[in-house]
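Structural characterization, general
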Amino acid sequence: MLRHVRWTSTLHFGVFVHLSGIVLGSFCTMKIVSWNINGIRTFKGGIKKALDSLDGDIICVQETKVTRDLLDEKTAIVEGYNSFFSFSRGRSGYSGVATYCKDIATPLAAEEGLTGLLTNHEGAVGCYGDHTDFSNEELQHLDNEGRALITQHKILCQDKEQTVTVINVYCPRADPEKPERKQFKLQFYKLLQCRAEALLKDGSHVIVLGDVNTSHRPIDHCDPDDIDDFAENPGRKWLNEFLHSCNQDDDNTEKEHDAESEVTDHSPAGKFVDTFRYFHPARTNAFTCWSTMTGARQTNYGTRIDYIFANSKLVTEQFVAADIMPEVEGSDHCPVWAQLCCSLLPSSKPPPLCTRYLPEFTGKQQKLSRFLVKVDQKWTQPEQKTILPCSQEEEERRENLNPFLKDNMSGKKRSLTSDSAVPKGKKTKTVHSCVKPQGNLLSFFKPKSVHVEQRDKAVSLDEGTHTHSSQRESPTTDLSSVTDTTTEEPGVAMETAKPSTLTTQPKAGQSEVKKGSLVFWKSVLHGPPPAPCCKVHGEPCVLRTVKKEGPNVGKQFFVCCRPQGHASNPEARCHFFAWVDKGK
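Scoring rules and cut-offs
- Residues numbered from 1 in each chain as written.
- Predicted model: local features only at pLDDT ≥ 70, side-chain atom pairs only at ≥ 80, totals over all residues.
- Heavy atoms only, no water.
- UniProt positions renumbered as here; feature names shortened; annotations may be inferred.
- Buried < 20%, exposed > 50% of the residue type's maximum accessible area, 1.4 Å probe, protein only.
- Helix = DSSP H or I, 4+ residues; strand = E, 2+ residues; numbered from the N terminus.
- Pairing = 2+ DSSP bridges.
- Right-handed = clockwise from strand over helix to strand, strands pointing away.
- Contact = heavy atoms within 4.5 Å.
- Axes fitted to C-alpha atoms, helices over the stretch in contact; angles between N-to-C directions.
- Parallel < 35°, antiparallel > 145°, perpendicular 65-115°, else oblique.
- Nonpolar A, V, L, I, M, F, W, Y, C, P; charged D, E, K, R; others polar.
- Patch = residues over 30% accessible without salt bridge, like charges linked within 9 Å, V, L, I, M, F, W, Y side chains within 5 Å.
- Areas by Shrake-Rupley, 256 points an atom, 1.4 Å probe, with all protein chains shown as cover.
- Salt bridge = Lys/Arg side-chain N within 4 Å of Asp/Glu carboxyl O.
- Lys, Arg positive; Asp, Glu negative; His and termini not counted.
- Charge placed at Lys NZ, Arg CZ, Asp CG, Glu CD.
- Expected span 1.5 Å × (residues − 1).

Under an unreviewed UniProt entry, the name given to the chain is DNA-(apurinic or apyrimidinic site) endonuclease, and the source organism is Iconisemion striatum. What UniProt records for the chain under Function (unreviewed entry) is the sentence "Initiates repair of AP sites in DNA by catalyzing hydrolytic incision of the phosphodiester backbone immediately adjacent to the damage, generating a single-strand break with 5'-deoxyribose phosphate and 3'-hydroxyl ends." Quoted straight from UniProt, the Sequence similarities (unreviewed entry) entry for the chain says "Belongs to the DNA repair enzymes AP/ExoA family."

Here we come to the pairing of strand β5 (residues 58–62). Among the 5 residues that make up β5, 5 are buried, leaving the element largely enclosed by the rest of the structure. Residues of β5 alternate between two faces, with Ile-58, Cys-60 and Gln-62 on one and Ile-59 and Val-61 on the opposite face, all of them buried. Where strand β4 (residues 30–36) and β5 come together, 5 bridges link them in parallel fashion. Of the residues in β5, the one forming a bridge with Asn-36 is Gln-62. Handedness of the crossover joining β4 and β5 through helix α1 (residues 47–54) is recorded here as right-handed. Alignment of β5 against strand β7 (residues 97–102), held across 5 bridges, turns out to be antiparallel.

Here, the residues flagged by UniProt with the feature "site: Transition state stabilizer" (unreviewed entry) are Asn-213. Structurally, Asn-213 is set in the loop between β11 (205–211) and α5 (234–242). If we ignore the near neighbours within four places in the chain, the residues touching Asn-213 are Tyr-170, Cys-171, Pro-172, Arg-173, Lys-185, Tyr-189 and Ile-305.

Taken N-terminus to C-terminus, the directions of helix α4 (residues 179–201) and α5 make an angle of 10 degrees; their axes are 10 Å apart at the nearest point. Considering the angle they form, α4 stands roughly parallel to α5. Residues Lys-182, Leu-186, Tyr-189, Lys-190, Leu-192, Gln-193 and Ala-196 of α4 form the contact with α5, whose own contacting residues are Pro-234, Gly-235, Trp-238, Glu-241 and Phe-242. In the contact of α4 with α5, the residues fall into 7 nonpolar, 2 polar and 3 charged.

Below, the discussion takes up the environment of Thr-165. One can find Thr-165 in strand β10 (residues 160–170). Measuring from C-alpha to C-alpha, the distance between Thr-165 and Val-206 comes to 4.8 Å, with 41 residues separating the pair along the chain.

A cluster of like negative charges, contributed by Asp-225, Asp-226, Asp-228 and Asp-229, occupies part of the molecular surface. Note on placement: Asp-226 falls in the loop between β11 and α5. Exposure remark for Asp-226: the relative accessible area of 59% places this residue in the exposed category.

Looking at the element boundaries, Asp-223 is found in the loop between β11 and α5. One buried charge, Asp-223, has no salt-bridge partner; the nearest side chain with opposite charge is Arg-236, at 11 Å. Discounting residues that sit within four places of it in the chain, Asp-223 has contacts with Tyr-301 and His-566.

Moving on, we come to α4. Spanning 23 residues, α4 covers 34 Å between terminal C-alpha atoms, matching the ideal 33 Å at 1.5 Å per step. Just past α4, the residue Gly-203 takes up positive phi, approximately 110 degrees.

In structure tokens form, the structure reads like this:
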């Protein structure tokens, strides 16, 4: 049953009231979820349990921090879902995105990356746009970090079959210490816009969602006044160009939208809409990312950098709700979600990019050629090092080749003649001329007496007359066997029967030395100084260390132990700061 009503975005008695003025009775809905999980191992209770708790038909996760060689079957193949992964090809444990689609949302096409360079299979999405402003090297680098994954789905909107393309992105962060990353981020934005608008021009609806790594407006930032030239940030300027800006009042009440003010997909303004701000234009303190190092989530001192963007026509006609989920923990981000009033038409078969088709998960025997890697010949042959004749290095090399050459030439001749008598390809059992019993390990820790040391010398001299073969079989003398033989002489037995007196005599001197060393090291390494109390809360401060490169790197300081927050929040961290005085 359909009837036109007034503009609203509420949910009454389980019946969606659509913004275009349509009451949706028993219509099916489609829910999409996006979450930067900060490592796919975040799901300690199991990936399926986490996905089911998010209750989404299409669940997009960012920063998986997993490469293909580390992807296990439990994560790749989840019952009731089809998964698609994009991996970082440059660094392990870095970046990466994944999309999990329920069986009822099986896509008809899927591909990795934005450029099309990573697509070598049928079932690709296509529509790559104009890349004339990018070099081939730039395109390869932009897709090399596993930051984009695209799935295309069939949906049924008001009895009309349509296509929607979901672009899951993890946009780069502009590291202030690496200026080249700022340019990389802007180029990624430009490529993302090029691909999204090309798909839109081809007739598909487009949803762009994920971690965009830029807060759009001052209302999306916990402390915008603390940032110089907030609006001049290049990332915010790009968002202003990419998104359609709806007219919004600055009061704290959510205003109703005027249908005549909506922009079409073919207008010169931005072609996409921030779905959260579409439904909640004036909601404050709605953040999706917080610093874990400062405990900022406790005081909600964060930013909103996770979005679900969609083309204007899809938003005005099909979106019924969008919100954030700050109550869901497990990452430094929280999930965001949106609901559409259209029903999904699943494909009969997942596209080739689906992880269930990866050779390591199909159970099929793989070809040997897959494990072989081409190696450059110049690396296979080690560079021959020039050795000066008669040098020490040459002499050491000769001794390493034949360590007994220098000591016993006659032994070498005998060993050569004995070796030549043995036919090639056959092994002979070595007969030990002097087999000694294996000693106890504890005997090696017993103190030696003077007589034992003299006996060791005698044994070593006697062994020097043995042949080369006997030296190889018994290169060392067993201490326990020497001690046993010395007991046959009365004098030696008297000396070796008192090992305890030899070890107990120097204990007093050793304890004095140990105490002296402890005093010395305590005077040098006196440990951290006692923590002072902050002036505002009167609580002991915490010790921090400067890790940022610069003149203060490695220095320690004290700050308030409370979590970071706005200056107006009395429960947040105060401004107490004190360097640690190394002289104390």
